[in-house]
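Residue strings, one per chain:
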Amino acid sequence: MILDSIKTSPYELTFKKQYSNSKFSISCRQGFIISLSSNGINGYGDCCPLDQFSEESYEQSGYGLEGFKLSIDKTKEIDFEELMHLAEAHGESQPSVQFAIEVAIFDLCSKLKGIPFNKFINNNSDPFVKINYYQDSQVEPFKDIVVKLKIVSSNLFDEIERVDRVLDQFKGMAKLRLDFNGSMDLTKAIRFCKMLDGKSIDYLEQPLSKNSFEDMYELTLHTDIPIAADEMVTDIDSLNKALDYQCADVFILKPMLIGGIDRCREMIKIITSEAKRYNISSLLESNIGRLSYLHLASAFNISEESGIATNIFFNDDICDFPTPVNGIIKLDNDSGIGINEINL
């Protein structure tokens, strides 16, 4: 194909209210949309690193995208494999850059073929994706609704009260995923697990710091609640290390931190071979990023609820995101990720 144009556009999304976790409190998210155009058709990718999570900064990712843009001779034919090679080269040590470029390539190529993004990756993609909800979700509770709750306070009694309030809010039908962002030490985590006995908890997400492989394993010996690894797993090496330490029952994959789509696929193969649970999670990016996660979850046949419907936290976005019904988003047959125009 010949690329008619390559554009990178900055964006900023504001939260409806201050977004807080155990690491920070922020009022907005900034990122870049990369657009690849051929024959009047646009493919979009979202590059949205997050401070204290990503290796690269917002500014560095902008330079990475610009480097990719300058590497393309728009007067010559370029094939899919060469584009993917350039995405990997310019995304080296910048996973959000590689992910954005690859998604834009996949989106464009699937649109040129007239097929959905998920079917471009896997013709046997699932027709729907399960998602988890949040404390702020305005939804009528249903049996076994999965709700993610950020643990933000160091006061265990305050957090237990919050857990009980959220369980009541969802009329006792919810299974909670408690996300700590690595805020506890081993002693406090063991104590908290004992306080959670008898409550409907799906899993504890990254209760200890991302380098605490031994302590995470120790924690699994003190509780029957499944332990999930999130920040500590960003590539194949860290995944294998976590598996070697037997420190997690569930693995949360953030493509914006992992980078390549093939790398995500390989990590899922490894996790599946070990009979572990897994899902995909957002890094609070735009709906372009979330739509790509939706299609990846479908293409990778992820059966668990994925944490990708984070659009509810923002005032506005650059495109629409489908509304889940009873925890399910059905994918349509629109080509690519289903978006032809964005509002920037």
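Note that the structure is predicted; figures quoted are calculated from it, not measured.

Participant: Kindly report on the overall build of the protein, identifying the contributing residues and their values.
Facilitator: Looking only at helices and strands, the protein features 11 helices and 12 strands. Taking 2.2 N^0.38 as the reference for a compact globule, 344 residues should give roughly 20 Å; the C-alpha atoms of the protein span a radius of gyration of 20 Å, in line with that estimate. For the C-alpha atoms alone, the extent of the protein along its principal axes is close to 65 × 40 × 40 Å. Burial statistics for the protein: of 344 residues in total, 56% are counted as buried. Of all intrachain contacts in the protein linking residues separated by at least 6 positions in sequence, the fraction that spans at least 24 positions is 71%. Put simply, the protein shows about 14900 Å² of open surface, and 44% of that area lies on carbon and sulfur atoms. Averaging the coordinates of the 34 positive side-chain charges in the protein and doing the same for the 53 negative ones gives two points 4 Å apart.

Participant: Quick one: what's the story with the side chain of T220, residue by residue and with numbers?
Facilitator: As for its position among the elements, T220 is in helix α7 (residues 213-220). Look at T220 and you get buried, because its relative accessible area is 19%. Among the polar contacts listed, one links the side chain of T220 to the backbone oxygen of Y217, at a separation of 2.5 Å.

Participant: With reference to specific residues and values, describe the pairing of strand β8 (residues 201-205).
Facilitator: Most of β8 is tucked away: five of the five residues are buried. Looking at chain direction, strand β7 (residues 174-179) and β8 are connected through four bridges and run parallel. Looking across to β8, one finds that R177 is bridged to Y203. Looking at chain direction, β8 and strand β9 (residues 227-229) are connected through two bridges and run parallel. From the neighbouring strand, E205 faces β9, where its bridge partner is A228. In this region the chain leaves β8, passes through α7 and returns to the parallel neighbour β9; the handedness of that crossover is right-handed.

Participant: Residues and numbers for the packing of helix α5 (residues 156-169) against helix α6 (residues 186-195), please.
Facilitator: In contact at an axis separation of 11 Å, α5 and α6 are set at 35° when each is read in the N-to-C sense. In the packing of α5 onto α6, the handedness of the crossing is right-handed. Counted together, L156, F157, E159 and I160 of α5 and K188, R191, F192 and M195 of α6 form the full contact between these two elements. When its residues are assigned to classes, the contact of α5 with α6 shows five nonpolar, no polar and three charged.

Participant: I'd like a rundown of helix α3 (residues 95-113), residues and numbers included.
Facilitator: Between its terminal C-alpha atoms α3 stretches 27 Å, which fits the 27 Å expected from 19 residues at 1.5 Å a residue. Of the residues trailing α3, G114 is marked for its positive phi of about 75°.

Participant: Residues and numbers for the state of the cysteines, please.
Facilitator: On inspection of all chains with the given rule, the structure shows zero disulfides. Of the cysteine sulfurs around C28, a residue in no disulfide, the closest is that of C48, at 9.9 Å. Judged by relative accessible area, which is 27%, C28 ranks as partly exposed. Looking at the unpaired C319, the closest cysteine sulfur is the one in C48, lying at 13 Å.

Participant: Run through empty space enclosed by the protein, naming residues and quoting values.
Facilitator: In the structure shown here, the tally under the stated rule is one cavity of 30 Å³ or more. Of the pockets and cavities examined, the largest cavity occupies roughly 40 Å³. Surrounding the largest cavity, N132, K148, R177, Y203, E205, I252, N279, S281 and G307 form its lining. Broken down by class, the residue content of the lining of the largest cavity amounts to two nonpolar, four polar and three charged.

What counts and what doesn't
- Residues numbered from 1 in each chain as written.
- Predicted model: local features only at pLDDT ≥ 70, side-chain atom pairs only at ≥ 80, totals over all residues.
- Heavy atoms only, no water.
- Helix = DSSP H or I, 4+ residues; strand = E, 2+ residues; numbered from the N terminus.
- Rg over C-alpha atoms; globule rule 2.2 N^0.38 Å.
- Buried < 20%, exposed > 50% of the residue type's maximum accessible area, 1.4 Å probe, protein only.
- Contact = heavy atoms within 4.5 Å.
- Areas by Shrake-Rupley, 256 points an atom, 1.4 Å probe, with all protein chains shown as cover.
- Lys, Arg positive; Asp, Glu negative; His and termini not counted.
- Charge placed at Lys NZ, Arg CZ, Asp CG, Glu CD.
- Polar contact = N/O pair within 3.5 Å; in protein donor to acceptor, adjacent residues only side chain to side chain.
- Pairing = 2+ DSSP bridges.
- Right-handed = clockwise from strand over helix to strand, strands pointing away.
- Axes fitted to C-alpha atoms, helices over the stretch in contact; angles between N-to-C directions.
- Left-handed = near helix turned anticlockwise from the far one by under 90°.
- Nonpolar A, V, L, I, M, F, W, Y, C, P; charged D, E, K, R; others polar.
- Expected span 1.5 Å × (residues − 1).
- Disulfide = S-S within 2.5 Å.
- 1 Å grid on protein atoms, 1.4 Å probe; cavity = no way out; pocket = protein on both sides within 12 Å on 5 of 7 lines; lining within 4 Å.
- Points joined across faces, edges and corners; volume = space filled by probe spheres on them.

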